[in-house]
Amino acid sequence: MSQTLQQDLLSRFRSLVPVECFDRYASDIKDGSYFGMPLEPIVRAEERLLSKGERSVAYFSMEYGLSTNFYNVLRPTVPPDARNVTTAHHVFSNLRAIDYYVTADTDHLLDLPIFSGGLGVLAGDTLKSTADLGVSLGAIGILWNKGYFKQSFWFKDGQMPEETDWDPSTFPGLVPLETRVEIPLKRETVRLKLWKYYVYSHDHRHVVPLTLLDSNLDVNSDFVRKLTGQLYRSDNNEWKLYQRLILGIGGIKALEALGYSIDLYHLNEGHAALAFLERAKGLPETDTQRLRTHFAYTCHTPVAAGHDRFSKKTVQDILPDEDYQFMKRYGADPHQPDQLNLTQLAMTTCEYVNAVAAKHGEVTRLQFPQFKERIRSITNGVHTHTWVSPSMAQLFDRTPALAGWREDPTRLKNILSLKDDTRFRGDLWEAHQVGKKRLCRTLRSWRLHHDTFTVSWARRIAAYKRPSLILQDAQRLVDIAKRVGPLQVILAGKAHPKDDLGFTYVNEMLSSIDALDKHRDLLRVMMLENYDTYIGQLLTGGVDVWLNNPLPPFEASGTSGMKAILNGVLQMTTLDGWVVEAADQDIGWIFGWRHEGTEIGDERNLRLHEDSEELYRTLEQAAQLYYHTVDGGRFRVDSGWLDKMIHAIAAAGYFNTHRMVGEYRDLIWSRV
Ligand SMILES: *Cc1c(COP(=O)(O)O)cnc(C)c1O
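Not measured: the values here are computed from a predicted model.

1. Quick notes on the domain arrangement of the protein chain
Partitioning the protein chain into structural domains gives domain 1 (3-380 + 660-669) and domain 2 (398-596 + 610-655). Inter-centroid distance (C-alpha atoms) of domain 1 to domain 2 is 30 Å. Between domain 1 and domain 2, the residue contacts involve 50 residues of the former and 53 residues of the latter. For the domain 1 and domain 2 pair, buried surface summed over both sides reaches about 4500 Å², with 60% attributable to carbon and sulfur atoms. On the domain 1 side of the interface with domain 2, the three residues burying the most area are N94, Q151 and K359, jointly 16% of the side's total. Across the pair D235 and K498 runs a salt bridge whose closest N-O atoms are separated by 4.0 Å. Viewed at the interface, domain 2 and domain 1 are joined by 19 residue pairs in polar contact (both at pLDDT 80 or more). Where the side of domain 1 that touches domain 2 is concerned, the elements lending two or more residues are β6 (91-93), α3 (96-101), β7 (104-109), β9 (150-153), β10 (159-162) and α12 (358-367). Its residues assigned to classes, the side of domain 1 that touches domain 2 shows 21 nonpolar, 19 polar and 10 charged.

Now the structure itself:
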C-alpha cells in the first residue's frame, strides 16, 4: 500500500473511530496497521454499519470470551503491562510435594477478562464466525474493570476468589472512545464511556467491531462507578437491575451515538431485554408491534429458576415511570404477581426466539407453552479455528479429502471417507500424540506420561454439572488402574464466589485428591487452578477422553465437548444438551440417567451414586480399548478407538459456529 493510501486510511479511521488520547496508541495504529493487523477491514466494517443500505445486525451479550491470548493475538509495539499477563497456575494433585514447589507455567497475555464461562465463549465464537462470514454486525458488551475473578487454591480447603487486576488502557487492541452516553434514571444519571475492540476473521479480511460500555467515570457516583466492576457480582437486586439496564438501554444509546444503522437486534440471553424498551420509547402501539420483528432472542437458561426477576418496587424505584409501565405490560411474571421477569419481557417482545440445542428447545417449549410456536432451536457450536489444536490443523491442511476446511469447517465431515485409509489413521493418532505431549510438557513437573490413558473434566463448577462425579468412590479408579493400566485424571473449574455449594464441591474434590496420595504411581489426579481458555484449549486438544456428566435435562447445550471432538478427543457423557444430536454417531460413550417425558424433574436429585457406578463401568471399557490400541508400545491402527476419533471429527463438521451463524443469518438476520 502506498504511503498516501495509508494516510488516507488512517484519517478515515480517525474520523470514524474517535479514539480518546490517540497519541498513546499512535505507534500501534499506523502504516495501514492496527496492532499488527490490517486497518482496512476496520474502516470497511465501520462504514458498513453506518450505511442505510446495509442490513446490519446488533448483537448484545453480557460477556464475551474471545481467547485473545492465543487466537488472532494483537501485537502492541511495547511489551504488555505485567497486569495484562498470566504467568502461572498452581496445581493441586496427589503428588503434593511437587504442588508445593512448582507451578504450571503458561506465560501468556491475559484473555480479555470480560467473561465467566460458556455463555461468553459462545458469544466470542459467534463474533469470530460472523467475521469469517463477512456479515455486517456490531456487538455490544460491558467493559468489566475487575474481570470475573481469579481463582487461587487454599491448600485443600477450597478456592479463594481474588480480584482480577488488569489494565484496560494498555490492553492490546482495546481503545477508549471520546464518545459518552447518558441514561437518565429516577435517582441519578448513569454516564457511560465507550471502548472498542476489533474481532478479526480467520483470514484477517473482515472484522466485527465490539463496543464495550464502562461506568467507571469520575462524574458518576461511587455506586455507579462500581457497576461495571466485576462480572456477575451484584450484591443486591438493584445492583443487578442497574447492570441489566446499562447493557440494554446503554447499548441502544451507544448504537445511536455511534450512528449505526441497525436492522436487527439480537439479544444473547435475557440480560439485554431492556434494549427493546429503549427502542420502543415514544412509539405508537402499531409501531411497537412492528418493532418486534426486528428483535431476536437466544435463550440459554435451562430452567425457569435461572431467569432474571425483579420486584415491581425495585423497578419502579429506579426506572422512569414510562419504562416501568412498559415493563409491567410486557414483562410481568406469569407466576409471581409482584415480580417482573426479563425472560418474559424478551419472549413477548422478540419475534424470533431460539433455544441452543434441540433438546433444550423441547424443554423451553415445555416451560413456556404460551410461546411454543415461536421457540425454535439453533444448536450451538464452537469456532473451529480457535479450538483446533495446532497439530490437528496441520493434519487437516495436508489431507486432500478435507481441502477447504478453513473456509468451510463443515467439510470436516468428509473425514468419514478416510476411515479405511491406514496411513491417515496412523497420522491421526500421531497428531493426537503431539497434542498430548504438549499438555504433558506444560505439566511435566507432575510427571504425566503421554502413553497413559488420560481423562479430563473441566468446566464451571455448578451442582447440576456434577463436578465430583468421577471422585464419588475414588477406590474404584484405583481398581480400574490395577486391572487395566494407569490413569491420569485432570480436573479444572471455578465456582462462582457467591455459590456456597460450588465452594463445597471444590473443597470436596481437593480432599478426595489428597486422600489418593499413596496411589500416585497408578493413578495421577490433579486439579488445575484458575481454569481459563488457555487451559481449555490445552486440555481439549491434549487428553484422550472428555468427561461431560451434567444431570439431564439441565445442560442447555454445553460447548467444551465440541472443542474436544474437533481434536479427536472422545466423549464420555450423559445424554444431554448437544450430545443428544450426536448420540447415534459413535463419538465415544454415553452413560447415566436419561431424561424422558414432560416433567423437568428436580435439579437437587443429583443421582450421584447410580451415575458414578455407571461412569466407572464405562471408564473401564474405555481404558481397555485405549490400552488395546497402544498395546505395550505397539500401536494398533485398526483399533475401534480410531473409528471413534474419525466419527468425532466428522461431527465437529456440524457442531461449529460457522454452521450456527449461517443458520442465524439465513433464518433470523436476513428474514424476508
Ligand atoms: C468452552 C469453555 C467453557 C464452556 O464449557 P461447557 O462445556 O459449556 O461447560 C467454559 N469455560 C471455558 C474457559 C471454556 O473454554
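Back to the text.
2. As for the pairing of β9
Looking at chain direction, β9 and β10 are connected through four bridges and run antiparallel. Across the sheet, the residue bridging to K150 is E162, located in β10.

3. Some details on the sheet that holds strand β3 (residues 37-38)
Taking strand neighbours across the sheet as the criterion, the three strands line up as β1-β2-β3 in an open arrangement whose pairing is antiparallel. Where the open sheet ends on each side, the last strands, each with one partner, are β1 (29-30) and β3. Note: strand β2 (residues 33-34) against β3, two bridges, orientation antiparallel. Its bridge partner being in β3, S33 is matched across the sheet by P38.

4. A few points about the pattern of salt bridges
Under the counting rule described, the total for this entry stands at 47 salt bridges. Between D167 and R83 there is a salt bridge, with the nearest N and O atoms lying 3.6 Å from each other. Residue D167 is located in the loop between β10 and β11 (175-184), and its partner R83 is located in the loop between β4 (56-60) and β5 (85-89); the two are separated by 84 residues in the primary sequence. For D167, a relative accessible area of 12% puts it in the buried group. Taking relative accessible area as the criterion, R83 reaches 37% and is therefore assigned partly exposed. Taking the shortest distance from any N to any O, the salt bridge between E555 and K465 comes out at 2.9 Å. Residue E555 is located in the loop between β23 (545-548) and α19 (560-566), and its partner K465 is located in the loop between β20 (453-458) and α16 (474-483); the two are separated by 90 residues in the primary sequence. Since its relative accessible area comes to 6%, E555 is described here as buried.

5. Observations concerning the environment of R374
As for its placement among the helices and strands, R374 is situated in the loop between α12 and β19 (375-377). Sequence separation between R374 and Y324 is 50 residues, and the spatial gap between their C-alpha atoms is 26 Å. Those residues in contact with R374 that sit more than four places away from it in its chain are R292, M347, T348, C350, E351 and V353. Reaching out from R374, the side chain makes a polar contact with the backbone oxygen of C350 at a distance of 2.6 Å.

6. Thoughts on helix α20 (residues 608-630)
Under the 1.5 Å per step criterion, the end-to-end length of α20 is 32 Å for 23 residues, consistent within 8% with the ideal 33 Å. Within two residues after α20, G632 carries a phi angle of roughly 55°, on the positive side.

7. Overview of the site of the ligand
Taken together, 13 residues are adjacent to the ligand, and R459, K465, T559, S560 and K563 come closest. One of the side-chain nitrogen or oxygen atoms of R459 is found 3.1 Å away from an oxygen atom of the ligand. K563 is positioned with one of its side-chain polar atoms (N or O) 2.6 Å from an oxygen atom of the ligand. Protein chains shield 95% of the accessible area of the ligand, which is 390 Å² for the free molecule. Looking at side-chain class alone, the shell around the ligand contains three nonpolar, six polar and four charged residues. Residue-level mapping places the shell around the ligand at the junction of two domains, with at least three residues from each of domain 1 (3-380 + 660-669) and domain 2 (398-596 + 610-655).

8. Thoughts on the layout of surface pockets
By volume, the second largest pocket is sized at about 280 Å³. Considering the residues around the second largest pocket, the lining is formed by 15 residues, among which N145, K146, N216, R225 and G229 are closest to the centre. Among the secondary structure elements, those contributing two or more residues to the lining of the second largest pocket are β12 (189-200) and α5 (222-226). In terms of residue class, the lining of the second largest pocket is built from four nonpolar, four polar and seven charged.

9. Remarks on unusual backbone geometry
That bond from P552 to P553 is cis: its omega, 0°, falls within 30 degrees of zero. Here P553 shows up in the loop between β23 and α19. We note that R607 has phi near 50°; this positive angle belongs to a residue other than glycine. For R607, the position within the fold is in the loop between β25 (588-590) and α20.

10. Quick look at the nonpolar core
General note: in soluble globular proteins, nonpolar side chains tend to be found buried as a group. Counting residues in hydrophobic clusters, the biggest one holds 117 residues, and the most contacted among them are F13, I29, Y34 and F60. Among the elements that line this core, the one with the most residues is helix α6 (residues 237-258), at 11 residues. With residues near it in sequence (within four places) discarded, F60 still touches I140, L247, G248, G251, I252, L255, Y265, H266, L267, N268, A272 and A275. Among the nonpolar cores identified, the runner-up in size contains 87 residues, and V388, Y464, M527 and L547 belong to it.

11. Remarks on the side chain of T657
With respect to the secondary-structure elements, T657 resides in helix α22 (residues 657-669). A polar side-chain atom of T657 sits 3.4 Å from the main-chain amide nitrogen of H383. Once you skip the residues sitting within four places of it in the chain, T657 turns out to touch D125, T126, S129, G381, V382, H383 and G662.

Rules of the game
- Residues numbered from 1 in each chain as written.
- Predicted model: local features only at pLDDT ≥ 70, side-chain atom pairs only at ≥ 80, totals over all residues.
- Heavy atoms only, no water.
- Domains from an automatic or database assignment.
- Contact = heavy atoms within 4.5 Å.
- Buried area = accessible area lost by both parts, 1.4 Å probe.
- Salt bridge = Lys/Arg side-chain N within 4 Å of Asp/Glu carboxyl O.
- Polar contact = N/O pair within 3.5 Å; in protein donor to acceptor, adjacent residues only side chain to side chain.
- Helix = DSSP H or I, 4+ residues; strand = E, 2+ residues; numbered from the N terminus.
- Nonpolar A, V, L, I, M, F, W, Y, C, P; charged D, E, K, R; others polar.
- Pairing = 2+ DSSP bridges.
- Buried < 20%, exposed > 50% of the residue type's maximum accessible area, 1.4 Å probe, protein only.
- Expected span 1.5 Å × (residues − 1).
- Near = heavy atom within 4 Å.
- Areas by Shrake-Rupley, 256 points an atom, 1.4 Å probe, with all protein chains shown as cover.
- 1 Å grid on protein atoms, 1.4 Å probe; cavity = no way out; pocket = protein on both sides within 12 Å on 5 of 7 lines; lining within 4 Å.
- Points joined across faces, edges and corners; volume = space filled by probe spheres on them.
- Core = buried A, V, L, I, M, F, W, Y, C linked by side-chain atoms within 4.5 Å.

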